[in-house]
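# Structure at a glance
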Amino acid sequence: MTSPSTSPGPDPPRGTEPREGPLAEGMATLANLGWQILLTMGLATIALGVVALVWPEATLRVVGILFGVYLLVTGVFQLAAAFGAHVARHLRVLHFITGAASVLLGLICFRGTLESIFLLALWIGFSWLLRGTTETAAAASVPDMPARGWHVAFGIIGALAGIVMIIMPFASIAALTLVVGVMAIVLGLTEVVRAVRTRVEIGRLTRGTAAQRRSMFQARPHPQH
């Protein structure tokens, strides 16, 4: 009486490797797209910084036009909000005044470069002054605030920068353009380096995954009959 012999299952054919699933393929595509986008943004930021340093007048002209567009858009929205049914009556006058002032300042920006740069400098100066004063007052009124000294120092520096911007708008905005150009180049170089390092890491992971698949799916010896 012979017992039935159990034969092992069919071995996978030689030379075949498992295909990656859709999830792995999607992750690889996203990773490749991520470092490409990062590299493109870095190169664009470097180009913007170079343009700001080489052609500061043209950069200021473009910034002034964009600032005028920003004032016009915000003014139109504020005027529309002034006539909205959901706005309280005592706030409609405030919305109307601020909207009309924004539209007027936006139209003034389109009269020339000097007007737009002057208004932009005043806008930035008053914003820095208000923010610095608020931060300094908040830090001085709360004795147990974490890093209180740093808040006071940054508030004072911001307020002083706002005063300088208001007193000397044209010189300050020109210096600010140079600073922005240098910072854009530094940030762009950082993004390019990050993109290159990300690409190198993706290549290492891809090679490691392929080697692991080959080691796991080696050809097995056929059973003897």
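Residues numbered from 1 in each chain as written. Predicted model: local features only at pLDDT ≥ 70, side-chain atom pairs only at ≥ 80, totals over all residues. Heavy atoms only, no water.

## Quick look at the overall build of the chain
- Tallying secondary structure elements over the chain gives 6 helices and 0 strands in all.
- The helix and strand sequence of the chain, counted from the amino end, reads α-α-α-α-α-α.
- A burial count over the chain gives 22% of its 225 residues as buried.
- Residue pairs in contact within the chain that sit at least 24 positions apart in sequence constitute 73% of those at least 6 positions apart.
- A total accessible area of about 16200 Å² is found for the chain, and carbon and sulfur atoms account for 71% of it. (Helix = DSSP H or I, 4+ residues; strand = E, 2+ residues; numbered from the N terminus. Buried < 20%, exposed > 50% of the residue type's maximum accessible area, 1.4 Å probe, protein only. Contact = heavy atoms within 4.5 Å. Areas by Shrake-Rupley, 256 points an atom, 1.4 Å probe, with all protein chains shown as cover.)

## Some details on the side chain of Glu191
- Turning to its location among the elements, Glu191 is positioned in helix H6 (residues 169-216).
- As a buried residue without a salt bridge, Glu191 has its nearest oppositely charged side chain in Arg194, at a separation of 5.9 Å.
- Those residues in contact with Glu191 that lie beyond four places of it in its chain are Leu38, Met41, Gly42 and Thr45. (Lys, Arg positive; Asp, Glu negative; His and termini not counted. Salt bridge = Lys/Arg side-chain N within 4 Å of Asp/Glu carboxyl O.)

## Brief notes about the nonpolar core
- Leu60, Phe67, Leu71, Cys109, Ile117, Leu119, Leu120, Ala121, Ile124, Met165 and Ile173 together form the largest nonpolar core, which totals 11 residues.
- Those residues within four positions of Met165 in sequence are excluded, and the remaining contacts are Ala121, Ile124, Gly125, Trp128, Ser172, Ile173 and Leu176. (Core = buried A, V, L, I, M, F, W, Y, C linked by side-chain atoms within 4.5 Å.)

## Side note on helix H5 (residues 148-167)
- Compared with the 28 Å implied by 1.5 Å per residue over 20 residues, the 29 Å span of H5 between its first and last C-alpha is a close match.
- Among all positions of H5, only Gly155, Gly158, Ala159, Gly162 and Met165 are buried. For H5, the angular spread of buried residues about the axis comes to 125°, placing them on one side. Summarising the geometry of H5, the exposed residues directed more than 90 degrees from the buried face are Gly149, Trp150, Ile157, Leu160 and Ile167. (Expected span 1.5 Å × (residues − 1). Arc of directions from axis to C-beta.)

## Examining the packing of aromatic side chains
- A full pass over the atoms with the stated rule returns 5 aromatic pairs.
- On the basis of an interplanar angle of 90° and a centroid distance of 6.2 Å, the ring pair of Tyr70 and Trp123 is categorised as edge-to-face. You can see Tyr70 sitting in helix H2 (residues 56-82) and its partner Trp123 sitting in helix H4 (residues 113-141), a full 53 residues away along the chain.
- Judged by its relative accessible area of 39%, Trp123 falls in the partly exposed class.
- Among the aromatic side chains, those forming a connected cluster through ring pairs are Phe67, Tyr70 and Trp123. (Phe/Tyr/Trp six-rings, centres within 6.5 Å; stacked < 30°, edge-to-face > 60°.)

## Describing the confidence of the model for the chain
- This prediction gives the chain a mean pLDDT of 77; 75% of its residues lie at or above 70.
- At the level of individual helices and strands, the chain shows its lowest average pLDDT in helix H1 (residues 22-54), which scores 77, and its highest in H5, which scores 88. (pLDDT = per-residue confidence, 0-100.)

## A short note on the environment of Leu122
- Looking at the element boundaries, Leu122 is found in helix H4.
- Owing to a relative accessible area of 19%, Leu122 belongs among the buried residues under this scheme.
- A sequence separation of 45 residues divides Leu122 from Ile167, and the C-alpha atoms of the two residues are 8.8 Å apart.

## Points about the packing of H4 against H5
- Interhelical geometry of H4 versus H5 gives an angle of 155° and a closest axis separation of 7 Å. On the basis of the axis angle, H4 is roughly antiparallel to H5. Pair H4 / H5 crosses with left-handed handedness. (Axes fitted to C-alpha atoms, helices over the stretch in contact; angles between N-to-C directions. Parallel < 35°, antiparallel > 145°, perpendicular 65-115°, else oblique. Left-handed = near helix turned anticlockwise from the far one by under 90°.)

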